[in-house]
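Examining the three-dimensional arrangement
The chain contents come next:
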Amino acid sequence: MNIIPLDTGFGARINNVDLARLDENPEAQQTLQNALLEYGLLVIPGPVLTPQAQIAASEVFGALEEFPPTASQIPGYPQIFRVASRATEGYTGVGRYWHSDGSFRAVPTPISLWHLEARPDVGGDTLFTDLQAAYRSLPDELRAQVHGLQTTHRNHVVHPLVMPHPHTGVEALYLNVGLTDSIVGMPRDETETLIAAIDRHFSREGAVYRHQWTEGDFVVADNFRVAHRATPLSPLQRRVLNRTTVRGDGAFWEAEHADADARQAVAG
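Residues numbered from 1 in each chain as written. Predicted model: local features only at pLDDT ≥ 70, side-chain atom pairs only at ≥ 80, totals over all residues. Heavy atoms only, no water.

Re the overall build of the protein
When you go through the protein residue by residue, the secondary structure sums to six helices and 16 strands. For the protein, whose C-alpha radius of gyration is 19 Å, the value lies close to the compact-globule estimate of 18 Å for 268 residues. Principal-axis analysis of the C-alpha atoms places the extent of the protein at approximately 60 × 50 × 35 Å. Residues classed as buried in the protein amount to 53% of the 268 residues present. Looking at the protein alone, contacts between residues at least 24 apart form 77% of all its contacts between residues at least 6 apart. Entry remark: accessible area of the protein is about 12,500 Å², with carbon and sulfur atoms responsible for 50%. In the protein, the 21 positive side-chain charges and the 32 negative ones have mean positions that sit 6 Å from each other. (Helix = DSSP H or I, 4+ residues; strand = E, 2+ residues; numbered from the N terminus. Rg over C-alpha atoms; globule rule 2.2 N^0.38 Å. Buried < 20%, exposed > 50% of the residue type's maximum accessible area, 1.4 Å probe, protein only. Contact = heavy atoms within 4.5 Å. Areas by Shrake-Rupley, 256 points an atom, 1.4 Å probe, with all protein chains shown as cover. Lys, Arg positive; Asp, Glu negative; His and termini not counted. Charge placed at Lys NZ, Arg CZ, Asp CG, Glu CD.)

The following block contains the structure:
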């Protein structure tokens, strides 16, 4: 396995990984888990996987969410949420703003994984930005303003605007630009101004990694560390992207927490 950090200050490209046989290689699983915690985003090239192999590789990072069946999804594989350029092959036009998947949940989705089945000739890139670096690089006045604020989603779920990572404790901005309805205790005009300022900050020069998809790419994102954003794609171009997500209580680091609690209980 070869780990090459990206030049954006976060993320890494991982070469020489056999994703189809990852369940047989505990050492590789541990290396990938550690790399995700270190870099926040993993880009792993490889061949197109079967749905079973994609699910098995995704489960290295935790227990997966399941989604209701629809005509455009893969029958028998509720763990795969298919997004596409054409409505017959998946959900279209989603996520064209900075967000972390599952932020509308009371217990947010910790990890998202994407696997490209069909690549368009033009367009369809995905943008990623480092939420921890975004918080650290805020101007002093703005950093003081956001600390302690809470956001409310359209479905009334509330989260801190500055979110400590559930495993590392490192603080990061945590904002769904498209689904945030309000900031608790803040007037509407001030809320809109602040969200727009953070939106621009996420996109600041040098802060964004643009992923240009190739068939077989397997991309893993720690949703507490990085946000992502889709770019426009014409239905004249064919793209099929199969996404899996780790459920809120299912991230691989939760097992580490449980082991640590058990050891402490025995010692106590």
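Next comes the rest of the write-up.
Quick word on unusual backbone geometry
Positive phi values are uncommon outside glycine, yet Asn-16 reaches one of about 65°. Here Asn-16 lies in the loop between strand 2 (12–15) and helix 1 (26–39). Here Asn-16 falls in the exposed class, since its relative accessible area comes to 66%. In this model, His-156 sits at a positive phi of 75°, which is unusual for a non-glycine residue. Considering the arrangement of structural elements, one finds His-156 in the loop between strand 8 (150–153) and strand 9 (158–160). By relative accessible area, which is 65% here, His-156 ends up exposed.

What to know about the nonpolar core
Generally speaking, a soluble globular protein has its nonpolar side chains buried in company with each other. One finds Leu-42, Phe-61 and Ile-111 to be the most contacted residues of the largest nonpolar core, which totals 32 residues. For this core, the secondary-structure elements that each account for two or more residues are strand 2, helix 1, strand 3 (41–44), helix 2 (51–58), strand 6 (111–118), strand 14 (218–222), strand 16 (240–251) and helix 6 (252–267). In terms of residue count, the dominant contributor to this core is helix 1 (five residues). Excluding anything up to four places from it in sequence, Leu-42 contacts Ala-12, Ile-14, Leu-32, Ala-35, Leu-36, Phe-61, Phe-218, Val-219 and Val-220. Ala-134, Leu-173, Met-186 and Phe-202 belong to the second largest nonpolar core, which has 22 residues in total. (Core = buried A, V, L, I, M, F, W, Y, C linked by side-chain atoms within 4.5 Å.)

Observations concerning the sheet that holds strand 12 (residues 180–183)
Strand order in this open sheet of three strands is 9-8-12, and the pairing throughout is antiparallel. The open sheet terminates on both sides in strands that have one partner only, identified here as strand 9 and strand 12. If you compare each strand with its neighbour and ignore which way they point, the axes differ by 30° on average. Here strand 8 pairs with strand 9 via three bridges, running antiparallel. By the bridge assignment for strand 9, Thr-151 is matched with His-159. (Pairing = 2+ DSSP bridges. Axes fitted to C-alpha atoms, helices over the stretch in contact; angles between N-to-C directions.)

Observations concerning helix 5 (residues 188–202)
Across its 15 residues, helix 5 extends 21 Å between first and last C-alpha, which sits within 8% of the 21 Å expected from 1.5 Å per residue. When we look at burial in helix 5, the residues that qualify are Thr-191, Leu-194, Ile-195, Ala-197, Ile-198, His-201 and Phe-202. Buried residues of helix 5, seen end-on, are gathered within an arc of 160° and therefore sit on one face of the element. Turned more than 90 degrees away from the buried face of helix 5 sit Asp-189, Thr-193 and Arg-200, all of them exposed. In this structure, the buried side of helix 5 is in contact with strand 7 (126–130), helix 3 (131–136), helix 4 (140–146), strand 11 (171–173), strand 12 and strand 13 (208–211). (Expected span 1.5 Å × (residues − 1). Arc of directions from axis to C-beta.)

A word on the sheet that holds strand 15 (residues 226–230)
With antiparallel pairing, three strands are arranged side by side in an open sheet as 13-7-15. Edge positions in the sheet fall to strand 13 and strand 15, since each has one partner strand and no second. Sheet twist, expressed as the mean angle between neighbouring strand axes with direction ignored, is 25°. As paired strands, strand 7 and strand 15 are joined by five bridges and run antiparallel to one another. Looking at the pairing, Thr-126 lines up with Ala-230 of strand 15.

Regarding the pattern of salt bridges
All told, the structure shown has eleven salt bridges when counted by the stated rule. Across the pair Arg-82 and Glu-117 runs a salt bridge whose closest N-O atoms are separated by 2.6 Å. Linking Arg-82 in strand 5 (residues 81–84) with Glu-117 in strand 6, this pair joins segments that are 35 residues apart in sequence. On the accessibility criterion, Glu-117 (30% relative accessible area) is partly exposed. In this structure, Arg-210 engages Asp-125 in a salt bridge whose closest nitrogen and oxygen atoms are separated by 3.1 Å. Taken together, the residues span a long stretch of sequence, with Arg-210 in strand 13 and Asp-125 in the loop between strand 6 and strand 7 at a distance of 85 residues. Look at Asp-125 and you get buried, because its relative accessible area is 14%. (Salt bridge = Lys/Arg side-chain N within 4 Å of Asp/Glu carboxyl O.)

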